[in-house]
Amino acid sequence: MLCPDGRCRCHWPGTDPLYLAYHDEDWGVPEYDDRALFEKLILDGFQAGLSWITILRKRENFRAAFDGFAPEKIAAYDEAKIAALMNDAGIVRNRMKIEGAVLSARAWLDIMDEGCGFSSVLWSMVGDAPVQNCFGDRSEVPTETELARRMSRELKRRGVKFCGPTIVYAFMQATGMVNDHLTGCFRHEDVAALAR
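Residues numbered from 1 in each chain as written. Predicted model: local features only at pLDDT ≥ 70, side-chain atom pairs only at ≥ 80, totals over all residues. Heavy atoms only, no water.

Participant: Give a detailed account of the packing of aromatic side chains, specifying residues and quantitative values.
Facilitator: In the structure shown here, the tally under the stated rule is eleven aromatic pairs. Seen from their ring centres, Tyr22 and Trp52 are 5.7 Å apart, and the 40° between their planes marks the pair as tilted. Of the two residues, Tyr22 sits in helix α1 (residues 17-25) while Trp52 sits in helix α3 (residues 52-65), which places them 30 residues apart along the sequence. Trp52 shares its class with Tyr22; the two are buried. For Arg7, the ring lying beneath its charged end belongs to Phe186, and the centroid distance is 4.2 Å. (Phe/Tyr/Trp six-rings, centres within 6.5 Å; stacked < 30°, edge-to-face > 60°. Helix = DSSP H or I, 4+ residues; strand = E, 2+ residues; numbered from the N terminus. Buried < 20%, exposed > 50% of the residue type's maximum accessible area, 1.4 Å probe, protein only. Lys NZ or Arg CZ within 6 Å of the ring centre and 35° of its normal.)

Here it is as structure tokens:
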């Protein structure tokens, strides 16, 4: 899609400035930090059934409400904290997703205790390098793949919640495990160059 600034981009951010900034600066950039990956996976879980722009607009509220997505803190949330989150209009107030975030934080801690790291577990599933897709049209971009299904099964096995294959594929796109910027998008080559 040719935008008013003269750049060709993927179609999905439209003209919303917040969405454009996310597309241009964040989406598809390879992320290797354990905590940042946890945050993005939890936010993708909260997005289920909603549009990503809804979550994006609430992201700072989520960060404040969930203690900066520090898994050590979230894992210790009790019923009083969950009740407080259910009353926080700045986030998506879904009890199952909030409780799922607590259980996922505990799973994250277990993975970290194994010594390999959350990032290593995830990135090893894509061969420790981003999958470089070359889709020219949005109709070619899948909503899930066999790789996402395998990652979903592994995360579920380890106790992570709200990590079905569609959520996991969106997470993989967001964190640069797959480069799904369309080939006509100015970010496609930029993101490919960021792979380590």
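And the narrative resumes.
Participant: Run through helix α9 (residues 165-174), naming residues and quoting values.
Facilitator: Burial analysis of α9 places seven of its ten residues in the buried class, which makes it a mostly covered element. Within the span of α9, buried status applies to Ile167, Val168, Tyr169, Phe171, Met172, Gln173 and Ala174. Buried residues belonging to α9 abut α1, α2 (34-47), α7 (118-124), α8 (146-157) and β2 (178-179). Positive phi shows up at Gly176, right after α9, with a value of about 75°. (Contact = heavy atoms within 4.5 Å.)

Participant: Which residues make up the nonpolar core, and what values do they have?
Facilitator: Formed by 49 residues in total, the largest nonpolar core has its most connected members in Phe46, Phe62, Phe66, Phe118, Leu155, Met172 and Met177. Within the residue set of this core, elements represented by two or more residues are α1, α2, α3, α5 (79-86), α6 (95-113), α7, α8 and α9. If one sorts the elements of this core by residue count, α6 sits on top with seven residues. (Core = buried A, V, L, I, M, F, W, Y, C linked by side-chain atoms within 4.5 Å.)

Participant: Which residues make up unusual backbone geometry, and what are the values?
Facilitator: One non-glycine residue, Asp67, adopts positive backbone phi at about 50°. Along the polypeptide, Asp67 turns up in the loop between α3 and α4 (71-74). Judged by relative accessible area, Asp67 falls into the partly exposed class, the value being 32%. With phi around 55°, Phe69 is a residue other than glycine that occupies positive phi space. Among the secondary structure elements, Phe69 is positioned in the loop between α3 and α4.

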